[in-house]
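Each chain, letter by letter, is given below.
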Amino acid sequence: MDYKKSAALSAAIILLFFSCNHITSSQYEFALGTVCSVSLFEYGNNTIYNNIFFKIREIENQMSVHIPFSDISRINAAAGIEPVTVNEDVFKVIERAKYFAEVSGGAFDPTVGPIVSLWGIGSENQRVPSQKEIEETLPLVNWRYLELDAETNSVFLKYPNMALDLGAIAKGYAADEASNIAKSAGVKRASIDLGGNVIIYGIKKDKSPWRVGIQNPGKDRGIILGIINVQDKTVVTSGIYERYFTENEIHYHHIFDPSNGYPAQNSLISVTVITDISMDADALSTAIFVLGFEKGSELLKDFPQAQAVFIFKDNSIITTPGVNFTITDKTYFLKN
Ligand code: AMP
Ligand code: MG
């Protein structure tokens, strides 16, 4: 997971509060490599906010590859040597990550760590590696070499130098946990936005749906191209404009195709997934992005409760049936 501060500027989704007169209360913190924003309407208090941010920081401390003794760092350090027993929650997320690796045919792969490090996108060491380096590194990326033992909550990476990276799923999990804390504390209406992993729940006073803005890829953060109207859902986007660098006019972004070790290349700019569990939406949006529109749509069929908005490089947009989506930037057009 890349926790560089630059990522704070790069989240893909913006929650809109147009229909609220004001934000009754919101708190922000930098964690999980992004700005985490929590708004507890009806009603939050400092204890609930503190519990939520405590949990988010705990998840970061367990799952970040940038924290030396996180569970993930311990697993990576023991790659090829021995299994590592981890916290139950961490095990659950790794198990789910392996599930999504399997169902996506490896398009989503939590063992992508060595390729992420090689490119260093978002870090001061970002660069285009040589073909030779990519070929040498790629055999280390294979979710089949990720061995899990549910009896002991232990995790083993079979070969030395393999590395887990939960960057494509951990924020979703953290959003689910944050929302569960709010719900069990009796908060009737809340929005949680962890760098583009949004969860919103509860009925607004005027009974109108929530409005979630989709970032306009070509514009500054906060400028949207459209609005999704939703109720009690999670909305998660993976996009190529979130973290990238440009060299010789080529755009190198942070979502890798594990089949070739390069940033995934297709006609998509971003994929937004709308469903009930943010961890699943997070993994799915990354997986679908790597698969591209056709194969990604096939994968989506296995998750009938999930909907999606696909944004393409030619400014066209496709939504799956039932998505309530309004375009606000007229340079984009719906192709449904
Ligand atoms: P997201 O923004 O959720 O799509 O996640 C992107 C992050 O997940 C990257 O910054 C990497 O840390 C990691 N990642 C990149 N490519 C993949 C992939 N194909 N499968 C799983 N994780 C990935
Ligand atoms: Mg993701």
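The notes below deal with the structure included here. (Residues numbered from 1 in each chain as written. Chains lettered and ligands numbered in written order. Predicted model: local features only at pLDDT ≥ 70, side-chain atom pairs only at ≥ 80, totals over all residues. Heavy atoms only, no water.)

### Section: the coordination of the magnesium ion (ligand 2)
Ligation of the magnesium ion (ligand 2) by protein atoms is provided by Ala-168 (O), Asp-282 (O), Asp-282 (OD) and Thr-286 (OG1), these donors lying 2.0 to 2.5 Å from the ion. Donor residues for the magnesium ion (ligand 2), ordered by position in the chain, follow A-x113-D-x3-T. Separated by 118 residues along the polypeptide, Ala-168 in the loop between β6 (154–157) and α6 (170–184) and Thr-286 in helix α7 (residues 278–301) bring together distant segments of the chain. According to the relative accessible area criterion, Thr-286 is buried, its value standing at 11%. (Donors = N, O, S within 2.8 Å, 3.2 Å for Na, K, Ca; no water. Helix = DSSP H or I, 4+ residues; strand = E, 2+ residues; numbered from the N terminus. Buried < 20%, exposed > 50% of the residue type's maximum accessible area, 1.4 Å probe, protein only.)

### Some points on the sheet that holds strand β18 (residues 316–319)
Across the sheet, nine strands lie side by side as β2-β3-β7-β8-β11-β16-β17-β18-β20; this open sheet has mixed pairing. Each having just a single partner strand, β2 (27–31) and β20 (333–334) make up the two edges of the open sheet. In this sheet, strand β3 (residues 34–41) lies alongside β2 in antiparallel orientation, the contact comprising five bridges. When the bridges of β3 are listed, Gln-27 appears paired with Val-38. Along the sheet, α7 contacts β8 (197–201), β11 (233–239), β16 (268–275), β17 (307–312) and β18; its crossing angle with β16, the most-contacted strand, is approximately 125 degrees. (Pairing = 2+ DSSP bridges. Contact = heavy atoms within 4.5 Å. Axes fitted to C-alpha atoms, helices over the stretch in contact; angles between N-to-C directions.)

### A few points about the side chain of Asp-109
You can see Asp-109 is positioned in the loop between α3 (88–103) and α4 (113–119). We note that Asp-109 is buried and unpaired, the nearest opposite charge coming from Arg-144 at a distance of 7.3 Å. Engagement of the side chain of Asp-109 in a polar contact is seen with the side chain of Thr-111, the distance being 2.7 Å. If we ignore the near neighbours within four places in the chain, the residues touching Asp-109 are Ala-101, Val-141, Asn-142, Trp-143 and Pro-258. (Lys, Arg positive; Asp, Glu negative; His and termini not counted. Salt bridge = Lys/Arg side-chain N within 4 Å of Asp/Glu carboxyl O. Polar contact = N/O pair within 3.5 Å; in protein donor to acceptor, adjacent residues only side chain to side chain.)

### Describing the site of ligand 1
With respect to spatial proximity, 18 residues lie near ligand 1, and among them Ala-107, Asp-109, Ser-238, Phe-256 and Thr-286 are the closest. Within the contact set of ligand 1, an oxygen atom lies 3.2 Å away from a backbone nitrogen or oxygen of Ala-168. Phe-256 is positioned with one of its backbone polar atoms (N or O) 2.8 Å from a nitrogen atom of ligand 1. Protein burial of ligand 1: of its 500 Å² of free accessible surface, 97% is covered by the chains. Per-element accounting of the shell around ligand 1 gives the leading share, three residues, to α7. (Near = heavy atom within 4 Å. Areas by Shrake-Rupley, 256 points an atom, 1.4 Å probe, with all protein chains shown as cover.)

### Section: the pairing of β16
Burial within β16 is extensive, with eight of its eight residues counted as buried. When β11 meets β16, the two strands line up antiparallel, connected through six bridges. Looking across to β16, one finds that Thr-234 is bridged to Thr-275. Across six bridges, the pairing between β16 and β17 is antiparallel. In the sheet register, Val-273 faces β17, and the bridge partner there is Ala-308.

### Here's the deal with the environment of Thr-275
Locating Thr-275 in the fold gives a position in strand β16. For Thr-275, a relative accessible area of 5% translates into the label buried. Residues Thr-275 and Leu-157, spaced 118 residues apart in sequence, show a C-alpha to C-alpha distance of 31 Å. Filtering out sequence-adjacent residues up to four positions away, Thr-275 remains in contact with Lys-233, Thr-234, Ala-281, Gln-305 and Ala-306.

### Thoughts on the packing of helix α1 (residues 46–63) against α3
The N-to-C vectors of α1 and α3 enclose an angle of 70 degrees; their axes lie 10 Å apart at closest approach. With respect to their mutual orientation, α1 and α3 come out roughly perpendicular. Remark: the crossing between α1 and α3 carries right-handed chirality. Of the residues in α3, those in contact with Lys-55, Gln-62 and Met-63 of α1 are Asp-89, Val-90 and Val-93. Looking at the contact of α1 with α3 residue by residue, the classes come out as three nonpolar, one polar and two charged. (Parallel < 35°, antiparallel > 145°, perpendicular 65-115°, else oblique. Left-handed = near helix turned anticlockwise from the far one by under 90°. Nonpolar A, V, L, I, M, F, W, Y, C, P; charged D, E, K, R; others polar.)

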